[in-house]
Amino acid sequence: MINKKLSPLLLEMEELVNKQDEEEFLFFINNYQEELLKEDPVSFISFHVDFYALKDDINKTLEVVNYYKNAPYISMEVEDMLNELKNKLERYRDSQNKGQKTKSNDELEKELFSNNENAIASSLTYLSKQNIRMYIPLLKKFLISSDVVYKYKTLVLFMLVEQKIDEEIDVYKDGLIYTITPSLLELPFDTYEYQLCKEEIEKTSDDNSIKNIAVELLNTVQIKEYPSSFVDMDNIQLMKDIFIQMAISYLDPTKKDMDEKVIRSISTKHAITSESVKEIIQELNEAIIK
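Described in the following lines is the structure provided in the data block. All values derive from a computational prediction rather than experimental measurement. (Residues numbered from 1 in each chain as written. Predicted model: local features only at pLDDT ≥ 70, side-chain atom pairs only at ≥ 80, totals over all residues. Heavy atoms only, no water.)

### Description of unusual backbone geometry
For the record, the criterion: Helix and strand assignments come from DSSP, with helices taken as H or I runs of at least 4 residues and strands as E runs of at least 2, each series counted from the N terminus. Note on classification: 1.4 Å probe, protein chains only; a residue is buried when its accessible area is under 20% of the maximum for its type, exposed when over 50%, partly exposed between these limits.
In this model, Tyr226 is joined to Pro227 through a cis peptide bond whose omega is 10°. Considering the arrangement of structural elements, one finds Pro227 in the loop between α11 (208–224) and α12 (236–251). The backbone of Asn115 sits at a positive phi, close to 65°, despite the residue not being glycine. Take Asn115: it is sitting in the loop between α6 (105–112) and α7 (117–128). The exposure class of Asn115 is exposed, given its relative accessible area of 66%.

### What about the packing of aromatic side chains?
Basically, it comes down to this: Whether two aromatic rings pair depends on their centres lying within 6.5 Å, for rings of Phe, Tyr and Trp, where Trp uses its six-membered ring; planes under 30 degrees apart make the pair stacked, over 60 edge-to-face, and the rest tilted.
Throughout the structure, instances matching the rule amount to eight aromatic pairs. Ring centres 4.9 Å apart and planes at 50° place the aromatic pair Phe28 and Tyr32 in the tilted group. Remark: Tyr32 and Phe28 occur in helix α2 (residues 22–39); sequence separation between them is four residues, near one turn of the helix. Aromatic side chains Tyr67 and Tyr68 sit 4.9 Å apart centroid to centroid with 75° between the ring planes, which places their arrangement in the edge-to-face category.

### A few points about the packing of α12 against helix α14 (residues 274–289)
Stated precisely, the cut-off is as follows: Working convention: axes come from line fits to C-alpha atoms, limited for helices to the stretch in contact. Angles between N-to-C directions cover 0 to 180 degrees. Whether a crossing is left-handed or right-handed is set by the direction in which the near helix is turned from the far one by less than a right angle, anticlockwise for left-handed and clockwise for right-handed. The contact criterion used is simple: two residues touch if any of their non-hydrogen atoms lie within 4.5 Å. Only Asp, Glu, Lys and Arg are considered charged in this grouping, and only Ala, Val, Leu, Ile, Met, Phe, Trp, Tyr, Cys and Pro are considered nonpolar; every other residue, Gly among them, is considered polar.
Following both chains from N to C, one finds α12 and α14 inclined at 65°, their axes separated by 11 Å at the closest point. Helix-helix and strand crossings are classified by hand; for α12 and α14 the assignment is right-handed. Facing Leu238, Met239, Ile242, Phe243, Met246 and Tyr250 of α12, the residues of α14 in contact are Val277, Ile280, Ile281, Leu284, Asn285 and Ile288. By residue class, the composition of the contact of α12 with α14 is eleven nonpolar, one polar and no charged.

### Structural notes on the pattern of salt bridges
Where we set the bar: A carboxyl oxygen of Asp or Glu within 4 Å of a side-chain nitrogen of Lys or Arg is what we treat as a salt bridge.
In this structure the tally under the stated criterion is 14 salt bridges. With its nearest N and O atoms 2.4 Å apart, the salt bridge here joins Glu109 to Lys141. Here Lys141 lies in helix α8 (residues 136–144) and Glu109 lies in helix α6, a separation of 32 residues in the sequence. The partner of Lys203 in a salt bridge is Glu200, and the shortest N-O contact between them spans 3.1 Å. Pair noted here: Lys203 and Glu200 are both in helix α10 (residues 192–204), with a separation of three residues, about one helical turn. Residue class for Glu200 comes out buried when judged on its relative accessible area of 16%. Taken together, the salt bridges that share partners define one network made up of Lys103, Glu107 and Glu111.

### Side note on the side chain of Lys153
Stated formally: In summary, the charge assignment counts Lys and Arg as positive and Asp and Glu as negative, without counting His or the chain termini. Here a polar contact is taken to be a pair of N or O atoms separated by no more than 3.5 Å, where protein atoms must pair a possible hydrogen donor with a possible acceptor and residues adjacent in sequence count only if both atoms sit in side chains.
With respect to the helices and strands, Lys153 occurs in helix α9 (residues 150–162). Buried charge Lys153 goes without a salt bridge, the closest partner of opposite sign being Asp174 at 8.8 Å. For Lys153, the side chain forms a polar contact with the main-chain oxygen of Leu143, separated by 3.1 Å. Look past the residues within four positions of Lys153 in its chain and what remains in contact with it is Phe142, Leu143, Ile144, Ser145, Val148, Val171 and Tyr172.

### A few points about the pairing of strand β1 (residues 169–173)
Rules: Note on pairing: two strands pair once DSSP finds at least 2 bridges between them.
Side chains of β1 alternate between two faces, with Ile169, Val171 and Lys173 buried and Asp170 and Tyr172 left unburied. Where β1 lies against strand β2 (residues 176–180), five bridges are found, and the strand directions are antiparallel. By the bridge assignment, Asp170 is partnered in β2 with Thr179. Connecting β1 to the antiparallel partner β2 that follows it, the hairpin turn spans two residues, and Asp174 within it adopts a positive phi of roughly 55°.

Below is the structure:
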């Protein structure tokens, strides 16, 4: 897709695209996105799109294209490229769907409740390309089940929210039943509170390693707790400080837990008890390892 001479950073990005290690690729994106969007937006975005195209993940590839299409800084050249990419990808996805084997409700139910990761992933991938309204009874059964691992329920919730399902749905999580209306929810990375907290983390630390780990911790708990969240408008600064200090602890192998001095500093700054800070950290750690 790219024929011009590339900078060393973009050559590194091209290598990462071919390597197909998503964790390493996203780490690179977090570190250099702002810089490379200024330097060469066409090449940078093309490589970002190529990464998921090589995985044959058309939905994720379209998600990346739409992300940049909605960005406020794109030039006409970039916008034209993205429009062309989007049209090609949508045509390709449509042609894929036409040739896709149809799964019956019975087959989907058998796979979803099979406890087999590959079977569950297959059904969830299939459902992500369908009109989810056709499968609401099955998905309600899936979401209310106490036998289903919650991470799979989260993926179903994303589908329901993306397709704006406007009815009450019960979800079993951690021994409790929650009633939600997907059409009233935002995806975890679209909420204003999440975006503010992420911005505060990125502004506070000049160390890219600390900043990236802190954002990854925020992202992890944001997904795993969905549709709940640790972050709200009243605690953004507190959560920012905790995520940054957790990241610092993660980077120091000699520190198993956060220093008492650091905990006292956070509690004093935010006028809460040290015990409250410890409880939040414990809850975050429990959410991360779920």
